[in-house]
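# A structural walkthrough
Below are the chains, spelled out letter by letter.
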Amino acid sequence: DRPSIAYRRWRCPTPTGGLPLVLVHGAASNLTRWSELVATTRLAGERDLLRLDLRGHGDSIDRGPVTLEIWADDIAGILDAEGIGRAVLVGHCLGASVAVTFAARHPERAGGLILIEPMMREALTGTLARVRRFAPLVRALIGVVRVLNRLGLRRRSFDKLDLRALDETYRAHLAEPGGREALEARYASIREDLGVMPIVAYLQDVVETVRAVPLEAVRAPALVLLSRARTFADAERTRVELARLAGAETRVIEAAHWIPTEAPREMREAIEAWVARLGL
């Protein structure tokens, strides 16, 4: 059975005919990732904006099996429920992989893709590169954790994560000595992530993040926003992989990986300009 998927839809009071935007968060995140964008973008005065908690996250807590394909189909189900035929998918990190998978599985419904820090499997470095190599072991661990969950060994409640508030707190100190290191330590903290979601859901996030995505199957126009530092991936290899995405436009933004946190204005302006230029 399909679990209840939490989402919020901003209904534009005076829509101008532009496609709705569907905003998809990344790993160990939730729909508050997009609170600042929804509150500040001029696109809210033109079209509807829909953001969701992916299955396993936020108010969509679930311990069942999940994949990029399941998440993509969850989005299609929400669009059906809301009477939306086509939309522009905006995804950050893992959310970018979900957006690509959606466009491949539901090509007639993807009017465009905006991929923020997409994680290309062959470009991953550091911890994620190691996870890629040992993904079968992580999948085995997921099976063990799921058995323990069925036996009643599981956390019953989770902390609430307000990413807009967290972003503002860390952004205020970015320019200070050690500010960027503190941001990276917090946003890449496994301990903090496990406080807001089930262990099995977190492990599935990790496995799905290091999967290959069907770039060649995408026919929708795409905008790719990459951070200059590329904390989790090799920049040149990322560009080679993205060449498989026909006709994509790429822009580099000064950031480590968390573009919505570090450079929200630059991200917003890039999205607005691209949508306007393509008339989506």
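The following paragraphs examine the structure supplied in this document.

Quick notes on the rules
Residues numbered from 1 in each chain as written. Predicted model: local features only at pLDDT ≥ 70, side-chain atom pairs only at ≥ 80, totals over all residues. Heavy atoms only, no water. Axes fitted to C-alpha atoms, helices over the stretch in contact; angles between N-to-C directions. Helix = DSSP H or I, 4+ residues; strand = E, 2+ residues; numbered from the N terminus. Parallel < 35°, antiparallel > 145°, perpendicular 65-115°, else oblique. Left-handed = near helix turned anticlockwise from the far one by under 90°. Contact = heavy atoms within 4.5 Å. Nonpolar A, V, L, I, M, F, W, Y, C, P; charged D, E, K, R; others polar. Phe/Tyr/Trp six-rings, centres within 6.5 Å; stacked < 30°, edge-to-face > 60°. Buried < 20%, exposed > 50% of the residue type's maximum accessible area, 1.4 Å probe, protein only. Patch = residues over 30% accessible without salt bridge, like charges linked within 9 Å, V, L, I, M, F, W, Y side chains within 5 Å. Areas by Shrake-Rupley, 256 points an atom, 1.4 Å probe, with all protein chains shown as cover. Salt bridge = Lys/Arg side-chain N within 4 Å of Asp/Glu carboxyl O. Pairing = 2+ DSSP bridges.

### Side note on the packing of helix α2 (residues 68-82) against helix α3 (residues 94-105)
Relative orientation and spacing of two packed helices are given, respectively, by the angle between their axes and the distance between those axes. Taken N-terminus to C-terminus, the directions of α2 and α3 make an angle of 70°; their axes are 8 Å apart at the nearest point. The angle between α2 and α3 places the two elements in the roughly perpendicular class. Relative to α3, the crossing made by α2 is right-handed. Side by side, α2 and α3 meet where L68, E69, W71, A72, D73, I75, A76 and L79 of the first sit next to L94, S97, V98, T101, F102 and R105 of the second. Among the residues forming the contact of α2 with α3, the class breakdown is 9 nonpolar, 2 polar and 3 charged.

### Observations regarding unusual backbone geometry
The backbone of A28 shows a phi angle near 55°, a positive value even though the residue is not glycine. Take A28: it is sitting in the loop between β2 (21-24) and α1 (35-40).

### Some remarks on the packing of aromatic side chains
Using the criterion set out here, one finds 3 aromatic pairs in the structure. With centroids separated by 5.7 Å and ring planes inclined at 85°, the aromatic side chains of Y170 and Y187 adopt a geometry described as edge-to-face. Taken together, the positions of Y170 in helix α6 (residues 163-171) and Y187 in helix α7 (residues 179-187) put the pair 17 residues apart, joining distant regions of the chain. We classify Y170 as partly exposed; its relative accessible area is 22%. Among the residues examined, Y187 registers a relative accessible area of 11% and is labelled buried. Centroid distance Y187 to W258: 5.8 Å. Interplanar angle 50°. Geometry classified as tilted. Placement of Y187 in helix α7 and of W258 in the loop between β7 (249-253) and α11 (259-262) is noted, with a sequence separation of 71 residues between them. Taken together through their ring pairs, the aromatic side chains of Y170, Y187, F232 and W258 make up a single cluster.

### Structural notes on a nonpolar patch on the surface
A cluster of nonpolar side chains, namely L141, V144, V147, L148, L151 and L153, defines an oily patch on the protein surface of about 540 Å² accessible area. Take L141: it is sitting in helix α5 (residues 135-150). Residue classification places L141 among the partly exposed positions, given a relative accessible area of 42%.

### Here's the deal with the sheet that holds strand β4 (residues 87-92)
Read from one edge of the open sheet, 7 strands run β1-β3-β2-β4-β5-β6-β7, paired in mixed fashion. Where the open sheet ends on each side, the last strands, each with one partner, are β1 (7-10) and β7. Between one strand and the next, the sheet's axes are offset by a mean angle of 15°, whatever the strand orientation. When β2 meets strand β3 (residues 49-52), the two strands line up parallel, connected through 4 bridges. Across the sheet, V22 pairs through a bridge with L50, a residue of β3.

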